[in-house]
Amino acid sequence: MAAPAGWASLCEKFRSSLSLSNVESKKDPENEPYRSKYGARELLEEIRQLLGSEEAAEAEGAPAGEAAALRAVRLAVVEYELGVNHTETEELSAGEEHLLKCTRLLERHRLSRDCVSLYIQAQNNLGILWSERGEIKTAQTYLESAEALYNQYMKENGNPPLDPNEHFMAEEEKLTDQERSKRFEKAYTHTLYYLAQVYQHLEMIEKAAQYCHTTLKRQLEYSGYYPVEWALNAATLSQYYLTKQCFMESRHCLAAANVIFSQAGQVPSSEDNETEQDQQDLRQRKAEIARCWIKYCLTLLQSARKSLEDNIGELDPDRQSELKVQRKKEEDEKEKGRKKAVLFGTSDLCDSILATEEKVSCICPLDFQEAREVFLVGQNYVHEAKEFFQFDGYVTDHIEIVQDHSALFKVLAFFEEDYERRCKMHKRRIDMLEPMYVDLNPQYYLLISRQLQFELADTYYEMMDLKVAIGNRLEELDSHTIKKINSLAQLAVKYYELFLDSLRNPDKIFPEKLEDDVLRPAMVAKFHIARLYGKLITSDGKKQLENMQTSLEYYTFLVDYCEKHPEAVQAIETELELSKEMVGLLPTRMERLKAKLSPFS
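Positions within a chain are numbered from 1, following the residues in the order the chain's sequence is written. Side-chain atom pairs in this predicted model are given and counted only at pLDDT of 80 or more, local residue features only at pLDDT of at least 70, and totals for whole chains, interfaces and linings cover all residues. Note that the side-chain values use all heavy atoms of the structure and ignore hydrogens as well as water.

A few words on the overall build of the chain. Looking only at helices and strands, the chain has 23 helices and zero strands in total. Across its three principal directions, the C-alpha atoms of the chain cover 125 × 60 × 45 Å. For the exposure calls, accessible area comes from a 1.4 Å probe over protein chains only, and a residue counts as buried if that area is under 20% of its type's maximum, exposed if over 50%, partly exposed in between. A buried classification covers 47% of the 601 residues belonging to the chain. When contacts within the chain are restricted to residue pairs at least 6 apart in sequence, those whose partners lie at least 24 apart make up 71%. Per the convention used, a helix needs a DSSP run of H or I reaching at least four residues, while a strand needs a run of E reaching at least two, with both numbered from the N terminus. Every residue pair with non-hydrogen atoms within 4.5 Å of one another is taken to be in contact.

Below is the structure:
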């Protein structure tokens, strides 16, 4: 063993290496980014020389003398620090070598209080190293080994283990059990954090979400997190819960994200003089969380619509009454459900999160008033997201947010019983989508351009249908209503045709076989155009005949296409059935009309 004075010098060298690596390295110039890391490495190499070789330590450790075992652990700490150092300077092979030496030195005693924390941290770093190499399965093996070791230690011992750095501290400097526990739990939280990412890479989505939720919970419990990063991870996790229709858990993640994000402004930065770029990043993250809220509100409303609509897509009053009765019975179960959710944070934090949650429901709305409340929350977040993601600079993001806003209006309209008011909601959609489409260059934004063309066509189509329904309630159609129906039908046709034209090749020829991603939209566009020509109102018999002929041509296209390409049938079964029916009926109707017109021709 080193003499007391020599040991104190060794401890001082170790402390200096940590300071260089963790503090001074942040101030290194751009042209020498690893200057402090290399300085730390030199000190660690010196300590290793003074402690003796790994082989000597292993040999002395065999008959088990306490001093030799202690030296082996100290050498393992140095090997660990050298492994991390080489990894951070992008020398992965050397990093791996040192980390493996560390685990070999500890192997026999890995479950002891002296070694367990260091062994887990070495396994964590080997997991990270193999992830960076793209060898995810190997990373998984190391990280799952670290997880198993933590669980075994907690089951068999459970006392707070020594932190690796304590092996280079004087007795009076040693940590309290509370601090030891905190650092050990932090190391295990890192294990879970990296495992969540590994499972994500391996597409084990459910397991990844479970580990992510546990990681976030533990980070709050042990105060080991950066507010912005934590909030973004929680908001991202909320989107997984949305895919599973777990609205309570999704809302809880988003409410927690809001509360924790609000701490970002209260935490001083390391230099305490935030740059404009830092502020810009903060605004962007806030807008990204707002977008997750928009998706939450939209998905909740769409899920409600799905449970309430009849076979023609209208609200089913019987189903609505049935679900209201059912919901009343479930009110008593609500508290149990709340306790089942994985709650974040201490009681104070929980209170803040619950207060945020109360601003929006996690239960599917069953009538217009309830739907409107969810809609308004979503709309507020639309405005918040658009503040950062503006059209000038963030074209794609801005358009996606406006499309979500349009979708919120669309699903709210489903709950509205008054057709005139429903029509106005669709008009709001037109007013927000049309100007963007006009400003968009399809040469650079072809996919988005097609989406907007189709959505505008669909919106005009819905408005036309609503105006026809309003007209059917009148004793006689007035000229204003006729003009409105025709105008909406023509605008719908215009945008469907623009969408179909975008599928043509440079020679303006429509493809003989459509790609899978545009097959259904293209067929629906053809079907809707056929129907729209049938809805145009005119007192001119010849014009009516022309419209019927055009309608027949579009219906015939669908039938002929499916005969040539039977694999397309599955995508448009309903439309195909109706098209076949119309191909059979329209020629007879046209003959009758011709017969009526012939005396006057």
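Before going further, it helps to spend a moment on the packing of aromatic side chains. Between 30 and 60 degrees the pair is tilted, below 30 it is stacked and above 60 it is edge-to-face, where a pair is any two Phe, Tyr or Trp rings, Trp via its six-membered ring, whose centres lie within 6.5 Å. Counted by the stated rule, this structure contains 26 aromatic pairs. Ring centres of tyrosine 437 and tyrosine 495 lie 5.8 Å apart, and the angle between their planes is 75°; this geometry places the pair in the edge-to-face category. Taken together, the positions of tyrosine 437 in helix α18 (residues 419-439) and tyrosine 495 in helix α20 (residues 479-501) put the pair 58 residues apart, joining distant regions of the chain. For tyrosine 437, a relative accessible area of 16% translates into the label buried. With a centroid separation of 5.9 Å and an interplanar angle of 70°, the aromatic rings of phenylalanine 527 and tyrosine 555 are classed as edge-to-face. Of this pair, phenylalanine 527 sits in helix α21 (residues 516-535) while tyrosine 555 sits in helix α22 (residues 541-564), and the two are 28 residues apart along the sequence. Accessibility classification places phenylalanine 527 together with tyrosine 555 in one group, the buried group. Members of the aromatic cluster, joined through ring pairs, are Tyr150, Tyr153, Phe184 and Tyr188. Only lysine NZ and arginine CZ atoms are considered, and such an atom sits over a ring when it is within 6 Å of the ring centre and within 35 degrees of the ring normal. A cation sits over an aromatic face here: lysine 526 above phenylalanine 510, 4.7 Å from the ring centre. The aromatic ring of phenylalanine 557 is capped on one face by lysine 526, whose charged end is 4.2 Å from the ring centroid.

The salt bridge criterion pairs a side-chain nitrogen of Lys or Arg with a carboxyl oxygen of Asp or Glu, the two atoms within 4 Å. Per the counting criterion, the structure on display carries 38 salt bridges. For arginine 48, the salt bridge goes to glutamate 79, with nearest N and O atoms at 3.1 Å. Of this pair, arginine 48 sits in helix α2 (residues 35-51) while glutamate 79 sits in helix α4 (residues 66-88), and the two are 31 residues apart along the sequence. Each member of the pair, arginine 48 as well as glutamate 79, carries the same accessibility label: buried. A salt bridge links arginine 285 to glutamate 288, with the nearest nitrogen and oxygen atoms 3.1 Å apart. Remark: glutamate 288 and arginine 285 occur in helix α12 (residues 276-308); sequence separation between them is three residues, near one turn of the helix. Beyond isolated ion pairs, a larger network of salt bridges with shared partners links Arg113, Glu166, Asp177 and Arg180.

With that out of the way, let us pick up the side chain of threonine 459. By the secondary structure assignment, threonine 459 is in helix α19 (residues 446-472). Look at threonine 459 and you get buried, because its relative accessible area is 0%. The residues contacting threonine 459, other than those within four sequence positions of it, are His426, Arg429 and Ile430.

What follows is about helix α5 (residues 92-106). Given the number of residues in a helix, its expected span is that number minus one, multiplied by 1.5 Å. Taking 1.5 Å of rise per residue, 15 residues should cover 21 Å, and α5 covers 21 Å from first to last C-alpha, within 8% of that figure. Every buried residue belonging to α5 is among Leu92, Gly95, Glu96, His98, Leu99, Lys101, Cys102, Thr103, Leu105 and Leu106, and all of these are buried.

Bringing the environment of leucine 82 into the picture now. Locating leucine 82 in the fold gives a position in helix α4. Placed 117 residues apart in sequence, leucine 82 and tyrosine 199 show a C-alpha to C-alpha distance of 28 Å. Look past the residues within four positions of leucine 82 in its chain and what remains in contact with it is Arg41, Leu44, Glu45, Arg48 and His98.

Take the packing of α21 against helix α23 (residues 573-597) next. Fitted lines through C-alpha atoms give the axes, limited to the stretch in contact for helices. The angle between two N-to-C directions lies from 0 to 180 degrees. Interaxial distance between α21 and α23 falls to 10 Å at its minimum, and their mutual angle equals 30°. By the angle class used here, α21 and α23 are roughly parallel. The two elements α21 and α23 cross, and the hand of that crossing is left-handed. Residues Arg520, Val524 and Phe527 of α21 form the contact with α23, whose participating residues are Glu575, Leu578 and Ser579. Residue classes follow a fixed rule: Ala, Val, Leu, Ile, Met, Phe, Trp, Tyr, Cys and Pro count as nonpolar, while Asp, Glu, Lys and Arg count as charged, and any other residue, Gly among them, counts as polar. Considering only residue class, the contact of α21 with α23 consists of three nonpolar, one polar and two charged. Here roughly perpendicular refers to angles of 65 to 115 degrees, roughly parallel to angles under 35, roughly antiparallel to angles over 145, and oblique to all remaining angles. Should the near helix be turned counterclockwise from the far one by less than a right angle, the crossing is left-handed, whereas a clockwise turn marks it as right-handed.

There is a patch of nonpolar side chains on the surface, built from Leu474, Leu477 and Ile537 and spanning about 200 Å² of accessible area. Within the fold, leucine 477 resides in the loop between α19 and α20. The partly exposed category is assigned to leucine 477, whose relative accessible area is 35%. To count toward a patch, a residue needs a relative accessible area over 30% and no salt bridge; like charges are then connected within 9 Å, while nonpolar side chains (Val, Leu, Ile, Met, Phe, Trp, Tyr) are connected within 5 Å. Each accessible area value is a Shrake-Rupley result obtained with a 1.4 Å probe; residue values ignore everything except the protein chains displayed when judging cover.

Attention shifts here to the nonpolar core. With 174 residues, the main nonpolar core has Phe168, Tyr296, Tyr496 and Leu514 as its most contacted residues. The element that contributes the greatest number of residues to this core is α12, accounting for 13 residues. Segment limits for the domains were obtained from an automatic or database-derived domain assignment. Residues from two domains meet in this core; each of domain 1 (4-53 + 67-237) and domain 2 (525-600) gives at least three. Beyond its immediate stretch of four places on either side in the chain, tyrosine 296 contacts Leu242, Phe247, Ser250, Arg251, Leu254, Val360, Ser361 and Cys362. The nonpolar core is taken to be a set of buried Ala, Val, Leu, Ile, Met, Phe, Trp, Tyr and Cys residues, with the residues joined through side-chain atoms within 4.5 Å.

The next thing to look at is the domain arrangement of the chain. Segmenting the chain into domains produces domain 1 (4-53 + 67-237) and domain 2 (525-600). Measuring from the centre of the C-alpha atoms in domain 1 to the corresponding centre in domain 2 gives 71 Å.

This part is about the environment of alanine 235. Positionally, alanine 235 belongs in helix α10 (residues 227-243). Note on alanine 235: relative accessible area 0%, which makes it buried. Considered as a pair, alanine 235 and isoleucine 529 are 294 residues apart in the sequence and their alpha carbons are 41 Å apart. Apart from the residues within four sequence positions on either side, alanine 235 is in contact with Leu254, Ala257, Ile289 and Cys292.

This part covers helix α6 (residues 116-132). Between its first and last C-alpha, α6 extends 25 Å over 17 residues, near the 24 Å set by a 1.5 Å rise per residue. The element α6 is largely enclosed, with a buried count of 15 among its 17 residues. Backbone geometry just after α6 places glycine 134 at a positive phi near 85°.

Where the residue is not glycine, phi is negative for most of them; where a peptide bond is considered, it is trans in most cases. Phi is positive for glutamate 203, close to 60°, though the residue is something other than glycine. Here glutamate 203 shows up in the loop between α8 (177-201) and α9 (205-221). The residue glutamine 245 is not glycine, and still its phi comes out positive at about 60°. Locating glutamine 245 in the fold gives a position in the loop between α10 and α11 (247-261). Here glutamine 245 falls in the partly exposed class, since its relative accessible area comes to 42%.

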